[in-house]
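Here's the letter readout for the chains.
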Amino acid sequence: MKVELIKYTKDPQRTCALASRMCYSDIGLEALELEMSEEKCEKLLKYVIASGHHSILEHANFTFSISHVSRALLAQMTRHRLASFSVQSQRYVKASVPEFVVPPSIASDEKILKKYNSFILNAYQVYAELLEAGIIKEDARFVLPNAVATNIIVSMNARELRHFFAIRCCRRSQWEIRDLAWHMLKLAKEIAPILFEDAGPGCIRGHCPEVKPCGNPYKKEFLQTL
């Protein structure tokens, strides 16, 4: 898996702070710009986020390039309806070289891994034979499994990212999308540390929303290791 933050709103934290200040100000943007120091921006953002008034976070957008993740991950990723996706198409892009993801549970068992690799490679072979027989790519792809790797461009605003991190950074989340979420959080936090200061699963903030908690909550200190 490779994750890159390729685009984001210029000065995202100041943009969100100005949006918040605009709601309660009788002066224009130019005057607001002059009076909003970095210290005021930080204080205002922390207050607004703690108050749960997260609509201003929708003014900050982040675009990620995500490479070599499985189609199984893609199925979960696209459930986040407020995000925008562009995905490598199996209708138009020929799967010439076997590229696939191996779950850790399978990789750790040599015997099982051998069977797994054999099955995947056989699927690719059947795919190639279908193409040679004149079957179009969009139909030949039906034999390819969830393990096949794909590439994605995804954009989310800061509010949706916080929601994504709350759900997908959780230990209950599937391992691959959980790894992706933590990678994305690290990158976003480097650019906007205040917007994502307390982002992550509920246990980071002291409350797990699960009916049956995992029993192994993340500590706030874990965020410092990102």
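Here the structure is shown first, and the text comes after it.
Described in the following lines is the structure provided in the data block. Model, not experiment: these values are computed from the prediction.

A separate point is the overall build of the protein chain. If you tally the helices and strands in the protein chain, you get 10 helices and 4 strands. Element order for the protein chain, N to C, with α for helix and β for strand: β-α-α-α-β-α-β-α-α-α-β-α-α-α. With respect to the three principal axes, the spread of C-alpha positions in the protein chain is 70 × 40 × 25 Å. For the protein chain, the proportion of its 226 residues judged to be buried stands at 39%. Within the protein chain, residue pairs in contact and separated by at least 24 positions form 73% of the contacts whose partners lie at least 6 positions apart. A total accessible area of about 13,200 Å² is found for the protein chain, and carbon and sulfur atoms account for 53% of it. Between the averaged position of the 30 positive side-chain charges in the protein chain and that of its 25 negative side-chain charges there is a distance of 5 Å.

Here the focus is the pairing of strand β4 (residues 149-157). Pairing of strand β2 (residues 61-70) with β4 involves 8 bridges; the strand directions are antiparallel. Residue Phe 62 lies in a different strand from β4, and its bridge partner there is Met 156. Both strand β3 (residues 84-87) and β4 contribute to a ladder of 4 bridges, which runs antiparallel. Of the residues in β4, the one forming a bridge with Ser 86 is Ile 153.

Turning our attention to the packing of aromatic side chains. This structure, assessed with the given rule, holds 6 aromatic pairs. Taking the centre distance of 5.5 Å and the plane angle of 75° together, the rings of Phe 62 and Phe 196 count as edge-to-face. Of this pair, Phe 62 sits in strand β2 while Phe 196 sits in the loop between α9 (175-191) and α10 (220-223); the two residues are 134 residues apart in sequence, bridging distant segments of the chain. Measuring from ring centre to ring centre gives 6.3 Å for Phe 100 and Tyr 116, while their planes differ by 55°; the resulting arrangement is tilted.

A rise of 1.5 Å per residue sets the reference length of helix α3 (residues 38-51), with its 14 residues, at 20 Å; its end C-alpha atoms lie 20 Å apart and thus fit the reference within 8%. Of all the positions in α3, only Cys 41, Leu 45, Val 48 and Ile 49 are classed as buried. Taken down its axis, α3 places every buried residue within 95° of arc, on the same side. Of the exposed residues in α3, those oriented more than 90 degrees away from the buried face are Glu 39, Lys 43, Tyr 47 and Ala 50. The first or second residue beyond α3 is Gly 52, which carries a positive phi of 85°.

Turning to its location among the elements, Glu 160 is positioned in helix α8 (residues 158-168). In this structure Glu 160 is buried but unpaired, with Arg 159 as the nearest side chain of opposite charge at 7.5 Å.

Where helix α1 (residues 12-22) meets α3, the closest approach of the two axes is 9 Å, and the angle between their N-to-C directions is 70°. By the angle between their directions, the pair α1 and α3 is classed as roughly perpendicular. Each of Gln 13, Arg 14, Cys 16, Ala 17, Ser 20 and Arg 21 in α1 lies in contact with α3, whose residues at this interface are Glu 38, Cys 41, Leu 44, Leu 45 and Val 48. A class-by-class count of the residues in the contact of α1 with α3 yields 6 nonpolar, 2 polar and 3 charged.

Turning our eyes to something else, we now look at the sheet that holds β4. What the 4 strands build is an open sheet, ordered β1-β2-β4-β3; its pairing is antiparallel. Of all strands in the sheet, those with a lone pairing partner are β1 (2-8) and β3, marking the two edges. Averaged over neighbouring strand pairs, the angle between their axes works out to 20° when direction is ignored.

Ranked by size, the top nonpolar core spans 46 residues in total, and within it Phe 64, Ile 66, Met 77, Phe 165, Met 184, Leu 195 and Phe 196 carry the most contacts. At the level of elements, β1, α1, α3, β2, α4 (71-77), β4, α8 and α9 are the ones that each hand at least two residues to this core. No other element matches α9, which puts 7 residues into this core. Ignoring sequence-local partners within four residues, the contact set of Leu 195 consists of Pro 12, Gln 13, Cys 16, Leu 45, Ile 49, Leu 57, Ala 60, Ala 158 and Arg 162. Counting residues in hydrophobic clusters, the runner-up holds 11 residues, among them Phe 100, Ile 106, Tyr 116 and Leu 144.

Of note in this structure, Asp 11 is not a glycine but carries a positive phi near 50°. Within the secondary structure, Asp 11 is located in the loop between β1 and α1. Here the phi dihedral of His 68 falls at roughly 55°; this positive angle occurs in a residue that is not glycine. Residue placement: His 68 occurs in strand β2. A residue is classified by how much of its surface remains accessible, and His 68, at 31% relative accessible area, is partly exposed.

What counts, and at which threshold
- Residues numbered from 1 in each chain as written.
- Predicted model: local features only at pLDDT ≥ 70, side-chain atom pairs only at ≥ 80, totals over all residues.
- Heavy atoms only, no water.
- Helix = DSSP H or I, 4+ residues; strand = E, 2+ residues; numbered from the N terminus.
- Buried < 20%, exposed > 50% of the residue type's maximum accessible area, 1.4 Å probe, protein only.
- Contact = heavy atoms within 4.5 Å.
- Areas by Shrake-Rupley, 256 points an atom, 1.4 Å probe, with all protein chains shown as cover.
- Lys, Arg positive; Asp, Glu negative; His and termini not counted.
- Charge placed at Lys NZ, Arg CZ, Asp CG, Glu CD.
- Pairing = 2+ DSSP bridges.
- Phe/Tyr/Trp six-rings, centres within 6.5 Å; stacked < 30°, edge-to-face > 60°.
- Expected span 1.5 Å × (residues − 1).
- Arc of directions from axis to C-beta.
- Salt bridge = Lys/Arg side-chain N within 4 Å of Asp/Glu carboxyl O.
- Axes fitted to C-alpha atoms, helices over the stretch in contact; angles between N-to-C directions.
- Parallel < 35°, antiparallel > 145°, perpendicular 65-115°, else oblique.
- Nonpolar A, V, L, I, M, F, W, Y, C, P; charged D, E, K, R; others polar.
- Core = buried A, V, L, I, M, F, W, Y, C linked by side-chain atoms within 4.5 Å.

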